[in-house]
Amino acid sequence: MTSTTAPSAMRQIGMISQFEVTKRFINPGGMIALLAYVLIWALILLYPVQSAADFLVNPMFKEFVIGLYGPGAFDTLFDAPVPEYAVLWCISLYLFPLFSLFICADQFCSDKQRGTFRFLTLRVSRSQLFFGRFIGQMAIQALLICVTLIATLLLVLIRDASLLLPSLSSALIILLNLIVVIMPYVALMAVFSLIAKTARQASIFAIVLWVIASMVISIINMQYPALEFLHWILPGSQISSMINSLGINALIYAPIPLIQTVCFLLLGHSIMNRSKI
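Note that this is a predicted model, so its numbers are computed, not measured. (Residues numbered from 1 in each chain as written. Predicted model: local features only at pLDDT ≥ 70, side-chain atom pairs only at ≥ 80, totals over all residues. Heavy atoms only, no water.)

A. Seen up close, helix α9 (residues 164-195). Between its first and last C-alpha, α9 extends 46 Å over 32 residues, near the 46 Å set by a 1.5 Å rise per residue. In α9, a bend of some 35° at Ile182 exceeds every other bend along the element, and Pro184, a proline, comes one to four places later. (Helix = DSSP H or I, 4+ residues; strand = E, 2+ residues; numbered from the N terminus. Expected span 1.5 Å × (residues − 1). Bend = angle between axes of the 7 residues up to and from the residue.)

B. Here's a closer look at the environment of Gln50. Considering the arrangement of structural elements, one finds Gln50 in helix α2 (residues 28-56). Taking C-alpha positions, Gln50 is 9.2 Å from Thr152, a pair spaced 102 residues apart along the chain. Residues within four places of Gln50 in sequence aside, it is in contact with Leu45 and Leu155. (Contact = heavy atoms within 4.5 Å.)

C. Seen up close, the packing of aromatic side chains. Counted by the stated rule, this structure contains 9 aromatic pairs. Relative to Trp41, the ring of Tyr37 lies with its centre 6.4 Å away and its plane at 55°, an arrangement referred to as tilted. Of this pair, Tyr37 and Trp41 both sit in helix α2, separated by 4 residues, roughly a single helical turn. Side by side, Tyr37 and Trp41 carry an identical accessibility label, which is buried. When the centroid spacing of 6.2 Å and the interplanar angle of 85° are considered together, the rings of Phe96 and Phe99 count as edge-to-face. Pair noted here: Phe96 and Phe99 are both in helix α5 (residues 83-103), with a separation of 3 residues, about one helical turn. Just as Phe96 is buried, Phe99 falls in that class too. One aromatic cluster is present, built from ring pairs that chain together Tyr37, Trp41, Phe96 and Phe99. (Phe/Tyr/Trp six-rings, centres within 6.5 Å; stacked < 30°, edge-to-face > 60°. Buried < 20%, exposed > 50% of the residue type's maximum accessible area, 1.4 Å probe, protein only.)

D. Main features of a nonpolar patch on the surface. A contiguous nonpolar surface patch, about 560 Å² in accessible area, is contributed by Leu98, Phe102, Ile207, Trp210, Val211 and Met215. Those elements that provide at least two residues to the nonpolar patch are α5 and α10 (199-223). Here the nonpolar patch gets 4 residues from one element, more than from any other, and that element is α10. (Patch = residues over 30% accessible without salt bridge, like charges linked within 9 Å, V, L, I, M, F, W, Y side chains within 5 Å. Areas by Shrake-Rupley, 256 points an atom, 1.4 Å probe, with all protein chains shown as cover. Salt bridge = Lys/Arg side-chain N within 4 Å of Asp/Glu carboxyl O.)

E. Quick look at the packing of α9 against helix α12 (residues 255-274). Packing of α9 against α12 brings their axes to within 8 Å, and their N-to-C directions diverge by 20°. If you check the angle between α9 and α12, you find them roughly parallel. When the axes of α9 and α12 are compared, the crossing they make is left-handed. Residues Val180, Val181, Met183, Pro184, Ala187, Leu188, Val191, Leu194 and Ile195 of α9 lie in contact with α12, whose contacting residues are Pro257, Leu258, Gln260, Thr261, Phe264, Leu265, Leu267, Gly268, Ile271 and Met272. The class makeup of the residues in the contact of α9 with α12 is 16 nonpolar, 3 polar and no charged. (Axes fitted to C-alpha atoms, helices over the stretch in contact; angles between N-to-C directions. Parallel < 35°, antiparallel > 145°, perpendicular 65-115°, else oblique. Left-handed = near helix turned anticlockwise from the far one by under 90°. Nonpolar A, V, L, I, M, F, W, Y, C, P; charged D, E, K, R; others polar.)

F. Layout of the side chain of Ser214. Topologically, Ser214 is positioned in helix α10. Look at Ser214 and you get buried, because its relative accessible area is 16%. A distance of 2.8 Å separates a polar side-chain atom of Ser214 from the backbone oxygen of Trp210. (Polar contact = N/O pair within 3.5 Å; in protein donor to acceptor, adjacent residues only side chain to side chain.)

G. Here's a closer look at the packing of helix α8 (residues 126-159) against α12. At a closest axis distance of 10 Å, the pairing of α8 and α12 adopts a crossing angle of 140°. It follows from the interaxial angle that α8 and α12 lie oblique. For the pair α8 and α12, the sense of crossing is right-handed. On α12, the residues that touch Arg126, Ser127, Leu129, Phe130, Phe131 and Phe134 of α8 are Thr261, Leu265, Gly268, His269, Met272, Asn273 and Arg274. A class-by-class count of the residues in the contact of α8 with α12 yields 6 nonpolar, 5 polar and 2 charged.

H. Broad picture of the layout of surface pockets. One number sums up the size of the largest pocket: a volume of about 310 Å³. Forming the boundary of the largest pocket are 14 residues, of which Tyr94, Pro97, Tyr185, Trp210 and Pro235 lie nearest the centre. Mapped onto the lining of the largest pocket, the elements with two or more residues apiece are α5, α9, α10 and α11 (239-242). Here the element with the most residues in the lining of the largest pocket is α5; it accounts for 4 residues. Of the residues that constitute the lining of the largest pocket, the class distribution is 11 nonpolar, 3 polar and no charged. (1 Å grid on protein atoms, 1.4 Å probe; cavity = no way out; pocket = protein on both sides within 12 Å on 5 of 7 lines; lining within 4 Å. Points joined across faces, edges and corners; volume = space filled by probe spheres on them.)

What follows is the structure, given as structure tokens:
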């Protein structure tokens, strides 16, 4: 009986995840949001990314940076085989977590407003619904990242078609790293979407809490330097250290967001099972 129950549960989670992805991209609102996303990234790629990439391949600019910041500064970015992906890496580390605070804010808020939680839990368990929604949101984020990476690939190939293989390698590594980076943000929004009444309120809660927690931790660190490790509690605390770690080396920071994700998922799962619907 156990052997048939586990596959059935995984099947239910997979179906919920698939429905989340489908719902995001086939309805008119989702299509408009996707179009807006593509337009925003088109502007980012055509201006900041392409312009900055041109600077990175300019020896004079590298000498200027070395003279300004000293030898070794930003070596990883200057040594990147594909400068467009190096610039995209720096921008994405900050933008994709920010996007996830808004894109993933409505994991459960709408169901609470419409009163459809009870209807859903007649067919699947609360655990299946919670983890299915989380995996579905992660799949949406992964697809959006892939769209950005493919657009960047086209930009690179227009400049130099011989960079196809290094571009594919860079894209895969960036995809893996970004998925790990945004996981705690998506998990955190799952928690806030269970607490907040609306998606907008969930996003506001997340931003306000992050700002307040950052200030409190900074004050504590000033008074008690030995407690500096507290800043690792916040999602994204490792991002500034990852900027100059382009490539597979950036995965050394993966344990931090993975541990944060597990903690947030356990908290959200507990809230989900205790909440009244």
